[in-house]
Amino acid sequence: AAHERLVDVMNRVGEGRRRAELADVLGPLLLEAGEQAGPGGRAAAYRNALLVIAAQLSGKNIALLVPTIQRQPRPLILTLQGRHDLAQHFAISAALAAWAGEPLANTIGLDKEVDDARGGSGFSFADLAADRAGTRFGELAVRQPARLAAALAGGLGSEAIMPATDGLPEPMQADVFRRRFGHVGSPAYQQVVDDIEQRIAALALFSPAP
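No experiment lies behind these values; they were computed from the predicted model shown.

**Section: the packing of helix 6 (residues 125–143) against helix 10 (residues 187–201)**
Part 1 of the reasoning: Following both chains from N to C, one finds helix 6 and helix 10 inclined at 45°, their axes separated by 10 Å at the closest point. As the angle between them shows, helix 6 and helix 10 are arranged oblique. As for the relative orientation of helix 6 and helix 10, their crossing is right-handed in sense. Contacts between helix 6 and helix 10 involve Phe 125, Leu 128, Ala 129, Arg 132, Ala 133 and Arg 136 on the former and, on the latter, Tyr 189, Val 192, Val 193, Ile 196, Glu 197 and Ile 200.

**Structural notes on the environment of Glu 21**
Part 1 of the reasoning: Mapping Glu 21 onto the fold places it in strand 1 (residues 19–21).
Part 2 of the reasoning: Each C-alpha atom of the pair Glu 21 and Leu 76 lies 9.9 Å from the other, and the pair is 55 residues apart in sequence.
Part 3 of the reasoning: The contact partners of Glu 21, leaving out residues within four places of it in the chain, are Leu 78, Thr 79, Leu 80, Gln 81, Gly 82 and Ser 158.

**Some details on the pattern of salt bridges**
Part 1 of the reasoning: Scanning all chains against the criterion turns up 10 salt bridges.
Part 2 of the reasoning: The partner of Glu 139 in a salt bridge is Arg 143, and the shortest N-O contact between them spans 2.9 Å. On the criterion of helical spacing, the pair formed by Glu 139 and Arg 143 is a turn pair, its members being four residues apart in helix 6.
Part 3 of the reasoning: In this structure Glu 139 comes out as buried when scored by relative accessible area, which is 12%.

**A few points about the packing of aromatic side chains**
Part 1 of the reasoning: Overall, the coordinates contain eight aromatic pairs when judged by the stated rule.
Part 2 of the reasoning: On the numbers, 6.3 Å between centres and 70° between planes, the contact of Phe 123 with Tyr 189 is edge-to-face. Here the residue Phe 123 occupies a position in the loop between helix 5 (102–117) and helix 6, and Tyr 189 occupies one in helix 10, the gap between them amounting to 66 residues.
Part 3 of the reasoning: By relative accessible area, which is 1% here, Phe 123 ends up buried.
Part 4 of the reasoning: Arranged with centres 6.2 Å apart and planes meeting at 70°, the rings of Phe 177 and Tyr 189 form a pair that is edge-to-face. Of the two residues, Phe 177 is situated in helix 9 (residues 174–181) and Tyr 189 in helix 10; the sequence distance between them amounts to 12 residues. Side by side, Phe 177 and Tyr 189 carry an identical accessibility label, which is buried.
Part 5 of the reasoning: Put simply, the rings of Phe 123, Phe 125, Phe 177, Phe 181 and Tyr 189 pair up and form one aromatic cluster.
Part 6 of the reasoning: The side chain of Arg 47 reaches across the aromatic face of Trp 99, ending 5.6 Å from its centre.

What counts, and where the lines are drawn
- Sequence order as written defines the numbering, with residues in each chain counted from 1.
- Only residues with pLDDT of at least 70 are given local features in this predicted model, and only at 80 or more are side-chain atom pairs given and counted; all residues enter the totals for whole chains, interfaces and linings.
- Based on all heavy atoms of the structure, the side-chain values leave hydrogens and waters out of the count.
- In this analysis an axis means a line fitted to C-alpha atoms, helices contributing only their contacting stretch, and an angle means the value between N-to-C directions, from 0 to 180 degrees.
- Counting from the N terminus, the helices are the DSSP runs of H or I reaching at least four residues and the strands are the DSSP runs of E reaching at least two.
- Orientation labels follow simple angle bins: below 35 degrees gives roughly parallel, above 145 gives roughly antiparallel, 65 to 115 gives roughly perpendicular, and whatever is left gives oblique.
- Crossing handedness is read from the near helix: turned anticlockwise from the far helix by less than a right angle, it gives a left-handed crossing, and turned clockwise, a right-handed one.
- Throughout, a residue-residue contact means that at least one pair of heavy atoms, one from each residue, lies within 4.5 Å.
- When a carboxyl oxygen of Asp or Glu lies within 4 Å of a side-chain nitrogen of Lys or Arg, that pair is called a salt bridge.
- Burial status follows relative accessibility: with a 1.4 Å probe on protein chains alone, a residue under 20% of its type maximum counts as buried, one over 50% as exposed, and anything between as partly exposed.
- Any Phe, Tyr or Trp ring, taking Trp's six-membered ring, that has another such ring centre within 6.5 Å forms a pair; planes under 30 degrees apart are called stacked, those over 60 apart edge-to-face, and the others tilted.
- Put simply, a charge is over a ring when the Lys NZ or the Arg CZ is close to the ring centre, within 6 Å, and near the line of the ring normal, within 35 degrees.

And the structure:
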């Protein structure tokens, strides 16, 4: 059911264009899921919605898990702040956090960046920011579904779910990362991570509830 809803939303949003912001799909997807499930079922509905959109962004066919699925959405590149990679990091981390919790989501996100530094696209603190923001979003979806429902009702833009990444170092291969930051957990590294956390905490959606 969550996948069918994703197909409908992506087809509607993607009519006449090849790219769209993640929030343009994520907002309606979660809003419709929550409204149909009602207050008591919102957390589960949000969790399922995050799973199917993460599968879509990771390029995995959800039909491998649910063979009865036949419909697939029209081709549509989802971006966050204009970047497909940030949308991928955000959505996958959100699903991991919703299903398995914040510690695992953060660990997997960090491991991906360390692996990238060893010969991939390079370590990116912007990607890490998307991981952390996505993790916070996934946690919010299952722990405070009523708060997320209220935010969805008011409209959910990209600026509401992801902080600006201006000034965050990227991309860095392993040798460059070592020269600048030494190692994961060093004071220099932690300073950037603390900056990321402050940027996320400044977003109304993730700020402490009054």
